[in-house]
Amino acid sequence: MSELLQAVLDSEEKSDLRSLISELRQQEKKYLLRNDILNLYGEYCSKYEKPEQFYTASHLGKLVYYTQEIIQEESSLCFIIRPKIASQEVYRLTANLSIEPMTVQELLDLRDRLVNRYNPNEGDLLELDFGPFYDYTPVIRDPKNIGKGVQFLNRYLSSKLFADPKQWLESLFNFLRLHQYNGVQLLINQRIQSQQQLSEQVKKAISFVSSRPSEQPYEEFRFDLQVMGFEPGWGHTAQRVQESLSILDELIDSPDPQTLEAFISRIPMIFRIVLVSAHGWFGQEGVLGRPDTGGQVVYVLDQAKNLEKQLQEDAMLAGLEGLNVQPKVIILTRLIPNSDGTLCNQRLEKVYDTENAWILRVPLREFNPNMTQNWISRFEFWPYLETFAIDSEKELLAEFHGRPDLIVGNYTDGNLVAFLLARKLGVTQCNIAHALEKSKYLFSNLYWQDLEEKYHFSLQFSADLLAMNAANFIISSTYQEIVGTPDSVGQYESLKCFTMPELYHVVNGIELFSPKFNVVPPGVNENAYFPYTRTQDRVESDRARIEEMLFTLKDDSQIFGTLDDPTKRPLFSMARLDRIKNLTGLAECFGRSQQLQDQCNLILVAGKLRVEESGDNEERDEIVKLYQIIEQYNLYGKIRWLGVRLTKSDSGEIYRVIADHKGIFVQPALFEAFGLTILESMISGLPTFATQFGGPLEIIQDKVNGFYINPTNLEETAEKLLEFVQNCEQNSNYWNQISKQAIDRVFSTYTWKIHTSKLLSLARIYGFWNFISKENREDLLRYIEALFYLIYKPRAQQLLEQHKYR
Ligand code: UDP
Ligand code: LCN
């Protein structure tokens, strides 16, 4: 990139750069983000009547395109350039237009200076650097393969196996001897004493099972195999056993990535799983739509049900039926004594439609009952995590009668608890972010001190760093969650290098090229959300009730607004009422467009209708704002706002009723990590307009099975909606076409079956890797522990002190 900068300086574009800088110097902002830079450059090009060719194809145009941030200093400018995904270069452009590369440390000092928090006289600040711990582990080279960790790992491991067969086969042999279920040995027994013997016995066993009828049940020849050294776990029929043994035989003989993956994926090593979702209301009824309770709860519940199903299927296929295997999934959450009519005060709750999946609620210790008896915002939850993990460990061991095989954390708090538990129990740890708050709140790290009272980001970002580095593997819902797009930084990427002024500098927060990252998107609950055309599965009385609720019912306690003309096309949205979800932005977009109001009604399902009913700061602010917008644009008669808590089946039927009315779903979030409502609306057959900021960019293919909107550009959003409505009017089939393509998109790509088989396969491979590579993570884990005790814990204790007086 320095060449590009140099090319600008060496050409006649140097004078353009000079004028652009002079425009920039007139800006009040000292810290310009990409959008500011692009706007400034656009204005510059039109002011000086630059040709289109110059705008994009000049050296300067390219430089601007790659520049993520510009920081103005007295006499120089700092350019933070992202030449490609997941990489960053920093340059200082001096007053006399020469360029100097800047180190990460210099950049972080500069950012501190910008907010007047640079104190060199007080000595150096703590630098956090996780980089050295990744020096000895394999890393992906090509950014396009980021998020495909397991493929990479399989290639890496099979090449090792190929290069040094003796040592690696020995490890494989030892790994196979490990597995048991409730004390019963699986796979191989004492009769096989070496890897040499293993390889001989495998051949014998293959020839034995090959002579059996392919469908013969395993139980009928179990003892023959046992004599040869093989225990249950190879398959439920002669054919399956033969396949599994043949895969092993091939692996021993000529290892390749596919064979390795196929073999490891068959190993019966996971029966008990913990899903940690610690904060907030975790329940099956009456919890959704509350401030902290949205997609994560939906995701984890669906995941638990589908994991159980997959584990049962895997156990059956492995031939474990005779052992009475009962896989168990526990969702670990906090118990909330004052549970506002929900079951969140109940210790144990069975997950519907499962045999052995449970919600286990562990109470917080009673530091101050005013706090711990009630719901605690996710931004305040930090002081309780360590003791929650200690208490949960005991409960989990009792519930499982032993250790779990996999611990999956959810969100920052759950991931930290997962780390503490996994460390104690020596179990594989998987993380799921759902949302990393750092990228949601602009400059949240730079101004953390000002935001601390409300958000406690110092604890949150520290916890993120610790948990994500500790995790054996991380699953993300999209590629861009990890490393963004060519022109926007990813959520994990945002934690790579940043300053927390006066607390620490992060010079390398996470290795984005590590194979620990894997993209595994969620699915959608197909019992609750299905195409509106599937009338045979819909309940007429529910449809009629929801129809009335959406369009005509008068119930001031839960519904605001009466529609003048309920037959107009509904624009529909449903979300928690927080700032980032931006339902107020959608209302404003609707308010500003008379044409849109002429054609459509706006129907919102969101939060509560009254400030005094809400315990959450952001929700209260949004309630006030929504009423202001309704008043300002006189939206009476054109909007309905439902502050209702829906059952699962009602929430499914709502989308379908909107689809019956040929409506549109709009998701206007300022940023959306993934967006389950988008899957729900698409599978229901609703044309969906969703934010271009975040996950929806990967879910939707623009104009094919949905549409992108830029929610910060209200006019453009209104135009896009209007254009769609007009197209539907001109072509009566247009709505149906988009609707059908939306449905197809979800069924082809976002199902829980795909998710759980991939997740379990990852858990096995990473478990195997940990074992076979003898990778010593102890140094990393010790570093993480030290940071936990030296940074996280004292800050958490300070917050706890504050909580004592609430
Ligand atoms: N939801 C709901 N009622 C509401 C708001 C949301 O049932 O009032 C559900 C919605 O159907 C979806 C989830 O909550 O299943 C929201 O998930 P999403 O990923 O869209 O956003 P999040 O709330 O997690 O940020
Ligand atoms: C949290 C969010 O903010 C959403 O974008 C996700 O869809 C949800 O969690 C489930 O992962």
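Rules behind the numbers
Counting starts from 1 at the beginning of each chain's written sequence and moves along it residue by residue. Labels follow written order: the first chain is A, the first ligand is 1, and so on. Local features in a predicted model are, by the rule used here, given only for residues with pLDDT of at least 70; side-chain atom pairs are given and counted only at 80 or more, and totals for whole chains, interfaces and linings are based on all residues. Side-chain figures throughout are based on the complete set of non-hydrogen atoms in the structure, without hydrogens or water. Put simply, DSSP H or I for four residues or longer makes a helix, DSSP E for two residues or longer makes a strand, and each gets a number counted from the N terminus. Computation of the radius of gyration draws on C-alpha atoms, with the globule rule given as 2.2 Å multiplied by the number of residues to the power 0.38. Throughout this description, buried means an accessible area under 20% of the type-specific maximum (1.4 Å probe, protein chains only), exposed means over 50%, and partly exposed covers the range between. Throughout, a contact is declared for two residues whenever any of their heavy atoms are within 4.5 Å. Any two strands with at least two DSSP bridges between them are considered paired. Where helices are involved, their axes are fitted lines through C-alpha atoms of the stretch in contact, as for all axes, and angles between N-to-C directions lie from 0 to 180°. UniProt positions are given in the numbering used here, feature names are shortened, and annotations may be inferred rather than shown by experiment. Buried residues of nine kinds, namely Ala, Val, Leu, Ile, Met, Phe, Trp, Tyr and Cys, make up a nonpolar core once their side-chain atoms join them within 4.5 Å. The near set for a molecule or strand comprises every residue that places at least one heavy atom within 4 Å of it. In the analysis that follows, any N or O atom pair within 3.5 Å is treated as a polar contact, provided that within protein one partner can donate a hydrogen and the other can accept it, and provided that, for residues neighboring in sequence, both atoms belong to side chains. What sets the accessible areas is the Shrake-Rupley method with a 1.4 Å probe; for residues, cover comes only from the shown protein chains.

Colleague: Could you give an account of the overall build of the protein chain, naming the residues involved and the relevant values?
Modeller: Across its full length, the protein chain holds 31 helices and 25 strands. The C-alpha radius of gyration of the protein chain comes to 28 Å, within 12% of the 28 Å expected for a compact globule of 806 residues. In terms of principal-axis extent, the alpha carbons of the protein chain reach across some 85 × 70 × 60 Å. Within the protein chain, buried positions represent 60% of all 806 residues. When contacts within the protein chain are restricted to residue pairs at least 6 apart in sequence, long-range pairs at least 24 apart make up 72% of them.

Colleague: Go over the sheet that holds strand β5 (residues 99–101) with me, naming the residues and quoting the values.
Modeller: Sheet strands associate in pairs through backbone hydrogen bonding, adopting either a parallel or an antiparallel arrangement. Spatially, the five strands line up as an open sheet ordered β1-β2-β3-β4-β5, and their pairing is antiparallel. Strands with a single pairing partner mark the edges of an open sheet, and in this sheet they are β1 (31–33) and β5. Taken over all neighbouring pairs, the strand axes of this sheet differ in orientation by 20° on average, direction set aside. For strand β4 (residues 89–93) and β5, the ladder comprises three bridges, and the chain directions are antiparallel. When the sheet's bridge partners are listed, R92 is paired in β5 with E100. Lying on the sheet, helix α5 (residues 59–66) is in contact with β2 (67–72) and β3 (77–81); it crosses β2 at an angle near 90°.

Colleague: So what about the UniProt feature "domain: Sucrose synthase N-terminal" (unreviewed entry) in the protein chain? Which residues, and what values?
Modeller: If you check UniProt for "domain: Sucrose synthase N-terminal" (unreviewed entry), the listed places come out as residues 3–111 in our numbering. The span residues 3–111 shows a helical share of 52% and a strand share of 20%, and its end C-alpha atoms are spaced 25 Å apart.

Colleague: Break down the pairing of strand β21 (residues 600–606) for me, citing the residues and quoting the values.
Modeller: Counting buried residues along β21, seven of its seven residues qualify, which places the element largely inside the surrounding structure. Residues C600, L602, L604 and A606 of β21 are buried on one face, and the alternating residues N601, I603 and V605, pointing to the opposite face, are buried as well. Sheet topology note: the strand β20 (residues 569–575)/β21 ladder contains seven bridges and is parallel. When the bridges of β21 are listed, S573 appears paired with L604. Looking at chain direction, β21 and strand β22 (residues 639–642) are connected through four bridges and run parallel. By the bridge assignment, V605 is partnered in β22 with L642.

Colleague: Talk me through the nonpolar core; I want residue IDs and the actual numbers.
Modeller: Of all hydrophobic cores here, the largest spans 158 residues; its most connected members are F230 and F263. Take this core: its biggest share by element is ten residues, from helix α30 (residues 752–772). By size, the runner-up hydrophobic cluster in this structure holds 77 residues, among which are M371, F400, V417 and A418.

Colleague: Run through the site of ligand 2, naming residues and quoting values.
Modeller: Close to ligand 2 lie G295, Q296, Y299, H434, E672, A673, F674, G675 and L676. H434 has a polar side-chain atom sitting 2.6 Å from an oxygen atom of ligand 2. Within the backbone of F674, an N or O atom sits 2.8 Å from an oxygen atom of ligand 2. Isolated, ligand 2 exposes 300 Å² of accessible area, and the fraction of that covered by the protein chains is 92%. Here the shell around ligand 2 gets three residues from one element, more than from any other, and that element is helix α13 (residues 295–317).

Colleague: A description of the side chain of E349 should follow, citing residues and the corresponding values.
Modeller: With respect to the helices and strands, the residue E349 is situated in strand β11 (residues 348–350). Among the polar contacts listed, one links the side chain of E349 to the side chain of Q284, at a separation of 2.9 Å. Among residues more than four places away in sequence, those in contact with E349 are Q284, L343, A357, W358, I359 and R361.

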